[in-house]
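# Analysis of the macromolecular model
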Amino acid sequence: MKQKFVKKSILPGFSLSLGFTVFYLSLFVLIPLSMIFLRTSSLSFKEFLDVIMAERTLAAYRLSFGTAFASACINAVFGLIVAWVLVRYSFPGKRIVDAMVDFPLALPTAVAGIALTELYVPNGLLGKFLQAWGIKGAFTPFGITIALTFIGLPFVVRTLQPVLEDVDPQIEEAAASLGANRWQTVTMVIFPVIIPALLTGVTLAFARAIGEYGSVIFIAGNMPMKTEIAPLLIMTKLEQYDYTGATAIAVGMLLISFILLGAANFFQWLTSRNLGRT
Amino acid sequence: MSIEVRNIHKKFGEFQALVDLSLKIETGELLALLGPSGCGKTTLLRIVAGLDFADQGQVFFGDQDAQNQKASERGVGFVFQHYALFRHMTVFDNIAFGMNVQPKKVRPSREEIRKKVMELLKLVQLEWLANRYPWQLSGGQRQRIALARALAVRPRVLLLDEPFGSLDAQVRKELRLWLRRFHDESHITTLFVTHDQEEALEVADRIVVMNQGRIEQMGTPEDVYHNPVNAFVLNFLGNVNFFHCRLVEGKAIIGDTVLDVPGLSVDKPHPAKLYVRPNQFKLSRYAGKGTALKATVEYVNPAGTVVKVNLKTETGELIHAEISQEEYKHLKIVKTEQVFVSLKDVTYSEHLKNNP
């Protein structure tokens with residue numbers, strides 16, 4: 001949208017509300033974040049590289065981003081199904097199921113972590129069955145992915161719901177009357193319309209999973225090089241009073257996240273630019 | 001392809017949408033389902049299209065029972081009131097959709113599809129919009145694209161659900177003339193739903209007037225307009241005035257006044273409700289031979305092809321009359337003047353059992 005910086009508007013209070021927004025974002029986001037960079041800048045570039053390129057750090061990054069990505073992918077599929085069911089069908093207890101989606105947001109993450117660990121340890125309720133298949137649940141990247149999936153679910157479902165509700169049932173009927181089968185209708189007519197929202201939801205879930213700490217540390221087992229996530233490594237550094245080392249790792253995470261989220265936003269723009277507002 | 005529905009019943013919860021409805025649409029006919037909202041006309045259309053299912057009754061395409069055919073197998077072109085275009089697809093892709101989803105074996109080649117789409121775009125006179133998206137088009141353009149999309153699959157029948165309902169008056173008129181012309185050339189069996197009597201009267205070969213899930217009357221536009229079978233049809237097809245009166249041979253007694261009623265034969269005197277269209281009144285300044293109702297002019301609006309005059313009789317009844325511009329020039333009536341009203345004709349009279 002091309003317009004002058006301040007367009008004449010019937011709504012009053014633009015400068016006031018913009019001023020407030022900038023102040024608020026500075027106070028709660030920008031200043032704390034810049035502290036991280038400030039602290040890191042006491043390191044020389046070489047020292048900085050030494051910290052973030054250390055094998056243990058790289059392993060933690062790989063694990064954090066890898067499991068976060070896996071959990072986001074899982075949520076993309078199952079979150080979509082949950083949202084679809086909640087929007088499209090009515091069944092007894094629907095409101096309860098709908099409320100359950102928010103549990104992962106409301107529950108203290110540590111509680112969730114303990115509960116999940118209990119379930120997935122080799123002799124736990126679900127871990128037993130996994131054990132029988134030769135899969136280890138808790139204390140593996142698989143366990144971490146489970147915890148992150150749990151945490152990310154509401155983001156996908158809650159972003160998709162309003163968009164799915166907006167999909168006009170008549171476009172499905174139109175597709176059917178034009179001879180499309182159900183699969184073609186879903187893939188060619190419904191999917192393209194909800195993809196941008198799905199991407200947004202998945203990105204949110206992914207971003208949340210990258211920074212997740214509480215629910216993961218119990219189920220992860222925290223073995224360096226194997227199941228140590230980046231946020232935990234930061235905690236470890238802090239406990240050793242290595243504040244600059246901790247912030248350096250944080251800066252590394254920020255930069256990677258920034259690039260990934262930027263890419264996700266680009267794809268979101270790419271898929272939504274032709275949808276228009278009708 | 002003719003369409004026949006037999007003894008269709010449909011309930012939505014407690015609401016009876018269609019009651020034992022049977023109807024046959026002949027091959028090549030353009031038939032309008034006309035009725036107020038909630039009369040079941042859209043439901044009937046959707047049942048024919050396979051988008052809804054009747055509780056009882058059958059739908060036939062030709063002599064083939066469509067019971068087990070899905071919407072996608074019926075070969076119908078369906079046009080929605082709100083277009084239902086695919087908004088992430090260009091106009092071209094929208095129209096090509098029906099061909100693109102065909103199984104590989106019967107699907108036309110890309111070049112054939114392109115040719116067909118351009119042909120259809122030409123038919124709806126929107127060739128230059130092929131690469132636009134639906135949200136970049138006006139309502140009238142969208143509906144024409146929706147029509148082209150429906151025609152792309154060479155449907156056996158065309159079903160239109162209030163196709164012009166959300167367009168503005170000018171575009172609506174243009175499009176319905178276009179539809180009529182298109183039908184005259186293509187002769188595709190067409191069933192279209194509308195609540196706009198003017199649209200139905202202007203476009204259709206035959207009109208089916210529906211009310212509360214039933215058919216009230218079926219016939220040519222001329223027939224239903226001039227010979228309505230009941231008061232509902234009469235009311236629905238244009239404005240009408242009514243009077244409680246007592247009918248005797250050739251006369252109607254309204255209050256103390258005896259009016260001449262041309263073209264009405266009565267076996268024996270009886271109380272009745274007399275229905276008169278606005279253009280069936282004759283106004284004059286003087287009581288001529290025969291008698292007339294005395295009335296005061298309350299409102300005159302000469303803007304339009306006819307002059308609208310509202311009158312109030314001595315007994316307090318309101319009359320909405322329409323006279324031609326020539327008559328108006330001749331009469332030169334203004335508000336609060338007194339005139340005499342007589343009847344040129346009567347559309348319909350209802351036999352009442354009780355004394356009015």
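The structure we're discussing is the one just above.
A few points on the structure. (Residues numbered from 1 in each chain as written. Chains lettered and ligands numbered in written order. Predicted model: local features only at pLDDT ≥ 70, side-chain atom pairs only at ≥ 80, totals over all residues. Heavy atoms only, no water.)

## Things to note about the overall build of chain A
Helix and strand content of chain A: 13 helices and 0 strands. Mapped from its N terminus to its C terminus, chain A presents α and β elements in the order α-α-α-α-α-α-α-α-α-α-α-α-α. For the C-alpha atoms alone, the extent of chain A along its principal axes is close to 65 × 65 × 30 Å. With 278 residues in all, chain A has 40% of them scored as buried. (Helix = DSSP H or I, 4+ residues; strand = E, 2+ residues; numbered from the N terminus. Buried < 20%, exposed > 50% of the residue type's maximum accessible area, 1.4 Å probe, protein only.)

## Details of the overall build of chain B
Counting its secondary structure elements, chain B contains 9 helices and 20 strands. Once the C-alpha set of chain B is aligned to its principal axes, its extents read approximately 80 × 45 × 35 Å. Burial statistics for chain B: of 356 residues in total, 50% are counted as buried. In chain B, of all internal contacts separated by at least 6 residues, the share reaching a separation of at least 24 is 66%. (Contact = heavy atoms within 4.5 Å.)

## Examining the side chain of Asn230(B)
Residue and element names in this part refer to chain B. With respect to the helices, strands and loops of the structure, Asn230 is situated in the loop between helix 7 (221–226) and helix 8 (231–236). Side-chain polar atoms of Asn230 contact the side chain of Glu216, separated by 2.8 Å. Look past the residues within four positions of Asn230 in its chain and what remains in contact with it is Glu216 and Tyr348. (Polar contact = N/O pair within 3.5 Å; in protein donor to acceptor, adjacent residues only side chain to side chain.)

## Some details on the pattern of salt bridges
Scanning the model with the defined rule gives 23 salt bridges over all chains in all. Arg114(B) serves as the salt-bridge partner of Glu111(B), at 3.5 Å between the closest nitrogen and oxygen. One end of the pair, Glu111(B), and the other, Arg114(B), are both in helix 3 (residues 110–123), 3 residues apart, so they sit about a helical turn from each other. The exposure class of Arg114(B) is partly exposed, given its relative accessible area of 39%. Salt bridges sharing common partners tie together Glu173(A), Lys10(B), Arg46(B) and Asp52(B). (Salt bridge = Lys/Arg side-chain N within 4 Å of Asp/Glu carboxyl O.)

## Looking at the interface of chain A and chain B
Often the size quoted for an interface is simply the accessible area lost on bringing the parts together. In this assembly, 21 residues from chain A lie in contact with 23 residues from chain B. Of all residues in chain A, Ser177(A), Leu178(A) and Asn274(A) give up the largest surface area on contact with chain B, accounting jointly for 29% of the area buried on that side. On inspection of chain A and its partner chain B, the count reaches 1 salt bridge. In this structure, Arg46(B) and Glu173(A) form a salt bridge, with 2.7 Å as the shortest nitrogen-oxygen distance. Counting across the interface, chain A meets chain B through 4 residue pairs in polar contact (both at pLDDT 80 or more). Looking at the side of chain A that touches chain B, the elements with two or more residues in it are helix 9 (169–177) and helix 10 (182–211) of chain A. With 7 residues, the top contributor of residues to the side of chain A that touches chain B is helix 9 of chain A. Its residues placed into classes, the side of chain A that touches chain B shows 11 nonpolar, 7 polar and 3 charged. (Buried area = accessible area lost by both parts, 1.4 Å probe. Nonpolar A, V, L, I, M, F, W, Y, C, P; charged D, E, K, R; others polar.)

## Some details on the sheet that holds strand 15 (residues 281–284) of chain B
Backbone hydrogen bonds are what pair the strands of a sheet, in a parallel or an antiparallel way. All names here are of chain B. A sheet is described by the order of its strands in space; here 5 strands give the open sequence 15-19-16-17-18, paired in antiparallel fashion. Each of the sheet's edge strands pairs with one partner strand only, and the pair in question is strand 15 and strand 18 (318–324). Adjacent strand axes in the sheet meet at a mean angle of 45 degrees, parallel and antiparallel pairs treated alike. One ladder, built from 7 bridges, connects strand 17 (residues 306–313) with strand 18; its direction is antiparallel. Looking at strand 18, one finds that Lys308 is bridged to Glu322. (Pairing = 2+ DSSP bridges. Axes fitted to C-alpha atoms, helices over the stretch in contact; angles between N-to-C directions.)

## Structural notes on the packing of helix 10 of chain A against helix 13 (residues 243–272) of chain A
Residues and elements named next belong to chain A. Contact geometry for helix 10 and helix 13: axes closest at 9 Å, N-to-C directions at 170 degrees. Judged on the interaxial angle alone, helix 13 and helix 10 are roughly antiparallel. Along its contact with helix 10, which presents Ile195, Pro196, Leu199, Thr200, Thr203, Phe206, Ala207 and Ile210, the element helix 13 presents Met253, Ser257, Leu260, Leu261, Ala264, Phe267, Gln268, Thr271 and Ser272. A per-class count over the contact of helix 10 with helix 13 returns 11 nonpolar, 6 polar and no charged. (Parallel < 35°, antiparallel > 145°, perpendicular 65-115°, else oblique.)

## Description of unusual backbone geometry
Within the chain, Met225(A) stands out as a residue other than glycine whose phi angle is a positive 75 degrees. Inspection of the secondary structure puts Met225(A) in the loop between helix 11 (214–220) and helix 12 (230–239).

## Observations regarding the sheet that holds strand 8 (residues 189–194) of chain B
All names here are of chain B. An order of 6-7-8-3-9-10 is seen for the 6 strands of this open sheet, with the pairing classed as mixed. Each edge of the sheet is formed by a strand with only one pairing partner; in this case those strands are strand 6 (76–79) and strand 10 (214–219). Going across the sheet, the axis of each strand differs from the next one's by a mean of 15 degrees, ignoring polarity. Pairing analysis gives 4 bridges linking strand 3 (residues 30–34) to strand 9 (residues 206–211), with the strands arranged parallel. Along strand 9, the bridge assignment pairs Leu33 with Val208.

## Focus on the nonpolar core
Judged by nonpolar contacts, the single largest core of 98 residues is most densely connected at Leu23(B), Leu33(B), Phe86(B), Phe97(B) and Leu159(B). At 12 residues, the largest contribution of residues to this core is made by helix 3 (residues 55–88) of chain A. Setting aside chain neighbours within four positions, we find Leu33(B) in contact with Leu23(B), Lys41(B), Leu44(B), Leu191(B), Phe192(B), Val193(B), Thr194(B), Val208(B) and Met210(B). Residues Tyr83(B), Phe182(B), Ala204(B) and Leu237(B) belong to the second largest nonpolar core, which totals 46 residues. (Core = buried A, V, L, I, M, F, W, Y, C linked by side-chain atoms within 4.5 Å.)

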